[in-house]
Amino acid sequence: MNSLEILKPDDWHVHFRESPLLEKLVPETSKVFNRAIVMPNLIEPITNSKIASLYKKKILKYSTNNPFFNPLITFYLNDEMSINELVNAFKEKIIFAAKLYPLGATTNSSKGVSKISNMFKIFEKMSEYKIPLLIHGEVNKKEIDVFNREKVFIEDHLTPICKNFPNLKITLEHITTKFAVNFVNESSSNLKASITPHHLILNRTDMLEHKIKPHYYCLPILKKEEDRKALLTAAFNENQKFFLGTDSAPHDVQEKENACGCAGIFNTINSIETLTQLFDDNGMLNSLENFVSRNGAIHYELPFNTQKIKLRKNSSPIKFENFLTIKNLNIKIFRPPFNVFWEIEKVEE
Ligand code: DOR
Ligand code: ZN
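Quick caveat: nothing in here was measured; it's all calculated off a predicted structure.

Caption draft 1: Helix α1 (residues 21-30), seen in detail. Listed as buried for α1 are L21, L25, V26, E28, T29 and S30. Tucked into the core, α1 has its buried residues touching β2 (11-14), β3 (35-38), α2 (49-62), β11 (323-326) and β12 (329-332).

Structural data, given as structure tokens:
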């Protein structure tokens, strides 16, 4: 197959950051995707309606290349979150969901949730008002090995959340393990998971063998090959429980190539092309549309996009740019360790 048409995709997990990154990052997403769930871990996290409205307004200002683009803003749950603020922001459609970051688990999470059971009152209301709960599913405990933090989170926290709130719509974000795949598959349909392109493509050996690759460092950290294989099987699966969230998370190159490097991979620029190649290489092109354009909408009970994108397979590999440069910032663009022949030929408006 040398050409492919699919419904326009959505990115159910993206980081737009703040100015001056924001104005360059937004159009890169909106030119291909129709909807994006925008993560709230800004330096001043999105914790009230005022910050959320302002942020949404700014995003819309930079997404004029796609009049249909709908940025879905999220609240950053924290110990002081007011239930009323959350419910009102949702009712007024200022926010779409709320994100749970365990305290200190990742970038800008120093104001995250210190004790998850303290959130149960909020979860009760979220369940009542059908506000989706998005979860960074890792414990942040010194005594827990970094490679085990997703599994321990599922056992110690997600399991009780699911038991106590069977009607709460939950997304376990950027899953990385076979354990997580099995857990989601065995859970009710209220729990689903997003998967990133980089966790589908890389394992920890890619990052660590011979020489360390800081641009492959992200959180949750890359896992074993058997985990990557399980994620691939999940993404190809017909049960529609797994969908694309790029977790595109830019950091300046100096912050990545650093004695204390930041976690995050910036993949927005080529995520659909790269995924198309990955699905093609696995003989699973027919599953691509479900993963990037349908499963997320089903989970969030939103209509499918009506427009399409057309992809073409070239005879020679696409040459991607290495960096996105924004003022004095250089963002390294994710490059998969294989050739990508697929190119987006047309995006319907
Ligand atoms: O690698 C990551 N980067 N994982 C996250 O959870 C956050 C993100 C970021 O904001 O940099
Ligand atoms: Zn993220």
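Caption draft 2: Quick look at the packing of α1 against α2. Two elements in contact, α1 and α2, have axes whose closest approach is 8 Å; the angle formed by their N-to-C orientations is 60°. It follows from the interaxial angle that α1 and α2 lie oblique. Here the hand of the crossing between α1 and α2 comes out right-handed. Contacts between α1 and α2 involve L22, E23, V26 and P27 from the former and K58, I59 and Y62 from the latter.

Caption draft 3: Quick peek at the pairing of β3. The side-chain alternation of β3 yields two buried faces, one formed by R35 and I37 and the other by A36 and V38. By the bridge criterion, 2 bridges tie β2 to β3 in an arrangement that is parallel. Across the sheet, residue D11 finds its bridge partner in β3, namely A36. Taken together, β2, α1 and β3 constitute a β-α-β crossover, and its handedness is right-handed. Alignment of β3 against strand β4 (residues 70-76), held across 4 bridges, turns out to be parallel. Pairing of V38 across the sheet is with I73, part of β4. Viewed along the sheet, the connection from β3 through α2 into β4 turns out right-handed.

Reading the values: the criteria
Residues numbered from 1 in each chain as written. Chains lettered and ligands numbered in written order. Predicted model: local features only at pLDDT ≥ 70, side-chain atom pairs only at ≥ 80, totals over all residues. Buried ≥ 20, exposed ≤ 12 C-beta atoms within 10 Å, placed from the backbone. Helix = DSSP H or I, 4+ residues; strand = E, 2+ residues; numbered from the N terminus. Contact = placed C-beta atoms within 7 Å. Axes fitted to C-alpha atoms, helices over the stretch in contact; angles between N-to-C directions. Parallel < 35°, antiparallel > 145°, perpendicular 65-115°, else oblique. Left-handed = near helix turned anticlockwise from the far one by under 90°. Pairing = 2+ DSSP bridges. Right-handed = clockwise from strand over helix to strand, strands pointing away.

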